[in-house]
Amino acid sequence: DYYDVLAASEYMELTLEALTTLPLEPIDSYQVNNWAREQVKAALEKGLDPEDLEADLRVSINRAEFAAVAVTLYEALGGEEGEEKDCPFADTEDPYVRTAYSLGLVNGTGDGTTYSPADPVTREQMAALLSNVYTRLGHELPKALPQAEAEAFADGDTVAAYARDAVAFMAE
């Protein structure tokens, strides 16, 4: 399970990078840079491609799309199938966001009454969401040492407090 989560987190990071200078080869219906080809192919073989994910994996992913990826990952790794339930987010009716909320995978933005579904997902939000998947599957997230997040990334000292353990864990 741990290694599936790590492979999936690599796949998620790949969707965030837009390296358009590299040659492009399609995999199934997705547009993928050649450097990411093997990781994306492995993720697709495991069924980790939500039906609503954009076909061009060279561009940024938004918060709603990443919620879909997280729900798909959670269910693929053996988590119970989520249900679309009421949630406090006034700015979205997206079924994946609502399901992610009902599973306890996502929180809102600001005061918790919005989700900001069209905003690009940040690295720390991705790490927090993937860590929520990991813990929801019954695993415990190790606590990061105070300097761990600062050492993991050049801008690690700017990681929000809520995401420090998650960012350090995903950087491992």
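*Asks:* What am I meant to see in the pattern of salt bridges here?
*Replies:* Throughout the structure, instances matching the rule amount to 4 salt bridges. Here E80 ties to R136 by a salt bridge, and the two come within 2.7 Å at their closest N and O atoms. Placement of the pair is E80 in the loop between α3 (63-76) and α4 (95-102) and R136 in helix α5 (residues 123-136), with a sequence separation of 56 residues. In this structure, R98 engages E93 in a salt bridge whose closest nitrogen and oxygen atoms are separated by 3.3 Å. With a relative accessible area of 9%, R98 lands in the buried category. On the accessibility criterion, E93 (59% relative accessible area) is exposed. Where salt bridges share partners, they join E84, D86, E93 and R98 into one cluster.

*Asks:* Even after reading the chapter, I still don't get α4, so can you show me in this structure?
*Replies:* An α-helix turns once every 3.6 residues. As a result, residues three or four positions apart point the same way. Among all positions in α4, only Y96, V97, R98, T99 and A100 are buried. Downstream of α4 by a residue or two, G104 has a phi angle that is positive, lying close to 80 degrees.

Rules behind the numbers
- Residues numbered from 1 in each chain as written.
- Predicted model: local features only at pLDDT ≥ 70, side-chain atom pairs only at ≥ 80, totals over all residues.
- Heavy atoms only, no water.
- Salt bridge = Lys/Arg side-chain N within 4 Å of Asp/Glu carboxyl O.
- Helix = DSSP H or I, 4+ residues; strand = E, 2+ residues; numbered from the N terminus.
- Buried < 20%, exposed > 50% of the residue type's maximum accessible area, 1.4 Å probe, protein only.

Functional significance is not addressed by these values, which are geometric in nature.
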